[in-house]
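Architecture at a glance
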Amino acid sequence: MRIGLKAGAAEMKPIVVRELIKEFGELRAVDSVSFEVEEGEIFGLLGPNGAGKTTTIKILVTLLKPTSGEAFVAGNNVLKNPGAVRKNIGVVFQDTTLELDFTARENLDFHARLYGMSKEERKRRIEDVLSLVELSENADQLVKNFSGGMKRRLEIARGLLHVPKVLFLDEPTLGLDARTRRRIWKYLEEFRGDTTIMLTTHYIEEAEKLCDRVAIMRKGRIVAVDRPEALVKRLEGERVMVIAESAEKLRSALKGFSIFERNGKLEIFVNSAEQFIPKLFEIARANGVNIEEVSIKRASLEDIYVKLTGGEV
Ligand SMILES: Nc1ncnc2c1ncn2[C@@H]1O[C@H](COP(=O)(O)OP(=O)(O)OP(=O)(O)O)[C@@H](O)[C@H]1O
Ligand SMILES: [Mg+2]
């Protein structure tokens, strides 16, 4: 019966972005970005500072208007139907938007009222989400006395309160300790397959563990979208890490190789480490560079990230 009808909410993927452009004056922060997110997927947006991740998310959650292009969230056009988009999403932003002089429960209750939830439903959902993020015991404490990790967990609880179809999280684990980060991954894992989740992160390891697919952004453009394993597979060959006395000298001597500098080490992507390493020593000797340490590492998502973003962090 759908023949001849325009694509509607029912048949559309939860996030559809087509040729999205956002300009701030001269700067093109988002440059012809297109992607689709599948139902129930955890989709990660990676990229260096200023790549355009937050700008993309802000357009999707109707906080910014695109310069051109289209975007649909939960089947609704973000420009033509922002109200319907907002009803269907949960949002967790980098900067806290909690009421610090309210308790955790009051914050959630306030939000639940905004969404027009009934008293019964509010009560039940608030207990549910508090227990999910392990804050039940802190429910009646003032948020201003919460640690950074507790605030973040409360924000995630709030984002999930009205059972959104799509949850957006902009750097949900920024600055949190390793244990809290893992806990947050665990909460998000519980929604895999039910709620569609789009998140940005600078922790590549997080994207590798959590995301079904990732998009890598650089200078407003998406340079790759795929499953983390598939992206890693694209990176044929091996990575050789070198510590040398005069890294700069060695680096210029190795011009023509795919080479990056990280944490004082040179990283060189090669087809075969076995063939490359003797050559490396030869070049070093010819240039009077003393090599202190050489090691070989298996490719990871981080490697392809470094390669695609030119080593920017
Ligand atoms: N309101 C604004 N006005 C002008 N320029 C902006 C505005 N918002 C963002 N930009 C610029 O757009 C570019 C993309 O910014 P955006 O915040 O989307 O990057 P990001 O990928 O989220 O970076 P980060 O990893 O640092 O959060 C940056 O150069 C930024 O300075
Ligand atoms: Mg950002």
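Residues numbered from 1 in each chain as written. Chains lettered and ligands numbered in written order. Predicted model: local features only at pLDDT ≥ 70, side-chain atom pairs only at ≥ 80, totals over all residues. Heavy atoms only, no water.

**Let's talk about the packing of aromatic side chains**
Applying the stated criterion to the full structure yields 4 aromatic pairs. For the pair F35 and F43, a centre-to-centre distance of 5.2 Å together with 10 degrees between the ring planes defines the contact as stacked. Grouping residues by exposure puts F35 and F43 together as buried. With centroids separated by 6.3 Å and ring planes inclined at 85 degrees, the aromatic side chains of F102 and F110 adopt a geometry described as edge-to-face. The ring of Y203 is capped by R181, whose NZ or CZ atom sits 3.7 Å from the centre of that ring. (Phe/Tyr/Trp six-rings, centres within 6.5 Å; stacked < 30°, edge-to-face > 60°. Buried < 20%, exposed > 50% of the residue type's maximum accessible area, 1.4 Å probe, protein only. Lys NZ or Arg CZ within 6 Å of the ring centre and 35° of its normal.)

**Re the sheet that holds strand β1 (residues 15–24)**
Ordered by their spatial adjacency, 4 strands build an open sheet running β2-β1-β4-β5, and the pairing between neighbours is antiparallel. In the strand order of this sheet, the two ends are held by β2 (27–37) and β5 (76–77), each with one partner. Alignment of β1 against strand β4 (residues 68–73), held across 5 bridges, turns out to be antiparallel. Bridge pairing links I21 to S68 in β4. Contacting β1, β2 and β4, helix α1 (residues 53–60) crosses the sheet at an angle of about 120 degrees to β1. (Pairing = 2+ DSSP bridges. Helix = DSSP H or I, 4+ residues; strand = E, 2+ residues; numbered from the N terminus. Contact = heavy atoms within 4.5 Å. Axes fitted to C-alpha atoms, helices over the stretch in contact; angles between N-to-C directions.)

**Some thoughts on the site of ligand 1**
The full set close to ligand 1 counts 13 residues, and G50, K53, T54, T55 and H202 are the nearest of them. The separation between an oxygen atom of ligand 1 and a polar main-chain atom of G50 is 2.8 Å. One of the side-chain nitrogen or oxygen atoms of E171 is found 3.3 Å away from an oxygen atom of ligand 1. Taken by itself ligand 1 offers 640 Å² of open surface, and the protein chains cover 60% of this. Of all the secondary structure elements, the ones that give two or more residues to the shell around ligand 1 are β2 and α1. Among the elements that make up the shell around ligand 1, the one with the highest residue count is α1 (3 residues). A class-by-class count of the residues in the shell around ligand 1 yields 5 nonpolar, 6 polar and 2 charged. (Near = heavy atom within 4 Å. Polar contact = N/O pair within 3.5 Å; in protein donor to acceptor, adjacent residues only side chain to side chain. Areas by Shrake-Rupley, 256 points an atom, 1.4 Å probe, with all protein chains shown as cover. Nonpolar A, V, L, I, M, F, W, Y, C, P; charged D, E, K, R; others polar.)

**Focus on the sheet that holds strand β14 (residues 291–297)**
If you walk across this open sheet you meet the 4 strands as β12-β13-β11-β14, and the pairing is antiparallel. Strands with a single pairing partner mark the edges of an open sheet, and in this sheet they are β12 (258–262) and β14. Each neighbouring strand pair of the sheet contributes to a mean axis angle of 25 degrees, computed without reference to strand direction. Contacts from helix α10 (residues 273–286) reach β11 (238–244), β13 (265–270) and β14, with the element oriented near 165 degrees to β14. With respect to the sheet, helix α11 (residues 301–308) is in contact with β11, β12 and β13, its orientation differing from that of β12 by roughly 105 degrees.

**Remarks on helix α4 (residues 119–132)**
Its 14 residues give α4 an end-to-end C-alpha distance of 20 Å, which sits within 8% of 20 Å, the value for a rise of 1.5 Å per residue. Buried residues of α4: R122, R125, I126, V129, L130 and L132, and no others. Projected onto a plane normal to the axis of α4, the buried residues spread over an arc of 150 degrees and lie on a single side. More than 90 degrees from the buried face of α4, the exposed residues found are E120 and K123. Its buried side turned inward, α4 meets α3 (104–114), α5 (148–160) and α6 (178–189). (Expected span 1.5 Å × (residues − 1). Arc of directions from axis to C-beta.)

**Re the packing of α4 against α5**
Contact pair α4 / α5: the axes reach a minimum separation of 9 Å and the direction vectors enclose 140 degrees. As the angle between them shows, α4 and α5 are arranged oblique. Here α4 and α5 pass one another in a crossing that is right-handed. Contacts between α4 and α5 involve R125, V129, L130 and L132 from the former and L154, A157 and L160 from the latter. Of the residues that constitute the contact of α4 with α5, the class distribution is 6 nonpolar, no polar and 1 charged. (Parallel < 35°, antiparallel > 145°, perpendicular 65-115°, else oblique. Left-handed = near helix turned anticlockwise from the far one by under 90°.)

**A closer look at the confidence of the model for the protein**
Averaged over every residue, the pLDDT of the protein is 90; the share at 70 or more is 96%. In this model residues 1–5 is a low-confidence stretch, pLDDT under 50, and it forms 2 contacts with partners more than four residues away in sequence or in other chains. (pLDDT = per-residue confidence, 0-100.)

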